[in-house]
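Given next are the chains, with one letter for each unit.
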Amino acid sequence: MLNNKQAKNLAPLINNKEWERLEEYLAEVREWTIRAVVTAQSESELRQLQGKLALLETLLQLKNNHIEVIKNGN
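Residues numbered from 1 in each chain as written. Predicted model: local features only at pLDDT ≥ 70, side-chain atom pairs only at ≥ 80, totals over all residues. Heavy atoms only, no water.

Looking only at helices and strands, the protein chain features four helices and zero strands. Reading the protein chain from its N terminus to its C terminus gives the helix and strand order α-α-α-α. The principal-axis extents of the C-alpha atoms in the protein chain amount to approximately 45 × 25 × 15 Å. Of the contacts made within the protein chain by residues no fewer than 6 positions apart, 71% connect residues no fewer than 24 positions apart. When the accessible surface of the protein chain is split by element, carbon and sulfur atoms take 52% of a total near 5,600 Å². (Helix = DSSP H or I, 4+ residues; strand = E, 2+ residues; numbered from the N terminus. Contact = heavy atoms within 4.5 Å. Areas by Shrake-Rupley, 256 points an atom, 1.4 Å probe, with all protein chains shown as cover.)

For the rest of this paragraph, the subject is a nonpolar patch on the surface. A cluster of nonpolar side chains, L22, Y25 and W32, forms an exposed patch at the surface whose accessible area comes to about 320 Å². Mapped onto the elements of the fold, W32 is located in helix α2 (residues 19-38). (Patch = residues over 30% accessible without salt bridge, like charges linked within 9 Å, V, L, I, M, F, W, Y side chains within 5 Å. Salt bridge = Lys/Arg side-chain N within 4 Å of Asp/Glu carboxyl O.)

Between side chains of opposite charge, a pair can form as their charged atoms come close. Under the counting rule described, the total for this entry stands at four salt bridges. Between R21 and E18 there is a salt bridge whose closest N-O contact spans 3.2 Å. Overall, the relative accessible area of 36% leaves E18 in the partly exposed class. Among the ionic pairs, R30 bridges to E57, the shortest N-O distance being 2.2 Å. Remark: E57 occurs in helix α3 (residues 43-60) and R30 occurs in helix α2; sequence separation between them is 27 residues. Classification of E57 as partly exposed rests on a relative accessible area of 29%. Here the salt bridges do not stand alone but share partners, grouping R30, E31 and E57 into one network. (Buried < 20%, exposed > 50% of the residue type's maximum accessible area, 1.4 Å probe, protein only.)

Next up, the structure:
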């Protein structure tokens, strides 16, 4: 979860009209990554893809976390 300072720093990025396009792209990459997890050939590849997926989930939740922090004021 973001803190108040982080939320304020991210506001210009998240409120940018291009944010929706970035979210769409990240969602596509997330889907590709999920497919790759299913077909991973090694434990090393699986762990790498799981890390990528975790990062993508974090990025996709930025706007929701930002809104929550601003709404709650903390």
